[in-house]
Amino acid sequence: FPVLVTLGSLSEDDLVHVLTNVKSAIARQYKAMFSHSGAHLYITQGAYRAIARQALARNTGARGLRSIMENLLTDAMFEVPCASHEEKYVVLDAASVGDDAAGLEPTGALVLEGKDAFEAWLSENQEEEEEGELLEAENGGQTSSKKGKSNKTKKEEAIEEQSEAA
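Here's a quick rundown of the structure. This one's a predicted model, so the numbers in the text were calculated from it and none came from an experiment.

Rules behind the numbers
Residues numbered from 1 in each chain as written. Predicted model: local features only at pLDDT ≥ 70, side-chain atom pairs only at ≥ 80, totals over all residues. Heavy atoms only, no water. Helix = DSSP H or I, 4+ residues; strand = E, 2+ residues; numbered from the N terminus. Patch = residues over 30% accessible without salt bridge, like charges linked within 9 Å, V, L, I, M, F, W, Y side chains within 5 Å. Areas by Shrake-Rupley, 256 points an atom, 1.4 Å probe, with all protein chains shown as cover. Salt bridge = Lys/Arg side-chain N within 4 Å of Asp/Glu carboxyl O. Lys, Arg positive; Asp, Glu negative; His and termini not counted. Charge placed at Lys NZ, Arg CZ, Asp CG, Glu CD. Buried < 20%, exposed > 50% of the residue type's maximum accessible area, 1.4 Å probe, protein only. Pairing = 2+ DSSP bridges. Phe/Tyr/Trp six-rings, centres within 6.5 Å; stacked < 30°, edge-to-face > 60°.

1. Points about the environment of H36
For step 1, the next point in the chain: Relative to the elements of secondary structure, H36 occurs in helix α2 (residues 26-36).
For step 2, the next point in the chain: Remark: the alpha-carbon pair of H36 and P81, spanning 45 residues in sequence, is separated by 9.5 Å.

2. Here's the deal with a negative patch on the surface
For step 1, the next point in the chain: Together, D75, E79, E86, E113, D116 and E119 make up a negatively charged patch on the protein surface.
For step 2, the next point in the chain: For the negative patch, the elements supplying multiple residues, two or more each, are α4 (65-82) and α6 (115-124).
For step 3, the next point in the chain: As for its placement among the helices and strands, D116 is situated in helix α6.

3. A closer look at the pairing of strand β1 (residues 39-43)
For step 1, the next point in the chain: Counting buried positions over the five residues of β1 gives five, a clear majority of the element.
For step 2, the next point in the chain: Burial of β1 is two-sided: the residues A39, L41 and I43 facing one way and the residues H40 and Y42 facing the other way are all buried.
For step 3, the next point in the chain: Alignment of β1 against strand β2 (residues 88-92), held across five bridges, turns out to be parallel. Note that in β2 the partner of A39 across the bridge is K88.

4. Details of the packing of aromatic side chains
For step 1, the next point in the chain: Going through the model one piece at a time under the given rule, you end up with three aromatic pairs.
For step 2, the next point in the chain: Ring geometry for Y42 and F118: centres 5.4 Å apart, planes at 70°, overall edge-to-face. One end of the pair, Y42, is in strand β1; the other, F118, is in helix α6, with 76 residues separating them in the sequence.
For step 3, the next point in the chain: Y42 sits in the buried class, given a relative accessible area of 0%.
For step 4, the next point in the chain: Consider the rings of Y89 and F118, whose centres lie 4.2 Å apart with planes at 5°: the pair is stacked. Pair noted here: Y89 is in strand β2 and F118 is in helix α6, with a separation of 29 residues, a long-range link. There is no split in this pair, since Y89 and F118 are both buried.
For step 5, the next point in the chain: Through pairs of rings, three or more aromatic residues link up here, namely Y42, Y89, F118 and W121.

5. Points about the pattern of salt bridges
Side chains that differ in sign of charge can pair as their charged atoms come close.
For step 1, the next point in the chain: In the structure shown here, the tally under the stated rule is three salt bridges.
For step 2, the next point in the chain: Of the charged contacts in the structure, one is a salt bridge between E12 and R49, with a shortest N-O distance of 3.3 Å. Here E12 is found in helix α1 (residues 12-20), whereas its partner R49 is found in helix α3 (residues 45-57), with 37 residues between them in sequence.
For step 3, the next point in the chain: A salt bridge links R49 to D13; the shortest N-O distance between them is 2.6 Å. Residue R49 is found in helix α3, and its partner D13 is found in helix α1; the two are separated by 36 residues along the sequence.
For step 4, the next point in the chain: Accessibility expressed as a relative area gives 25% for R49, which makes it partly exposed.

Written out as structure tokens, the structure reads:
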């Protein structure tokens, strides 16, 4: 007998979760790829949301996230290995993702050479920096550090709050 199952569409939050938090998250895969070239990948929360909105607008769901990310990062993937020997940062923010609904074309990721250039970009974009995520390989390991966000689930936070109150 055939089994029929109805599925609901994923929300913007669900798609952001797929980009960042699942075991083989797309953002982690790109982080690893850029780290092999000695680059750091910085993706703001606004960029994650804009990518998720594009997937929703195109009605591609989670499967469309990879192609959107690939389109945004393709130029950077070719530029990073050819850049100078300075430390490189690949930055993806909401402006570089674009907005289909507003008719804003994506510009793709920005490649910055040197920590000074990256810090200058951060100071100019302070609001997004507070919500952003710096993805980098630390000490040869593949870790990510959130800026301003906790990696804990709501359930874990509630349990922690209860144990602190006791």
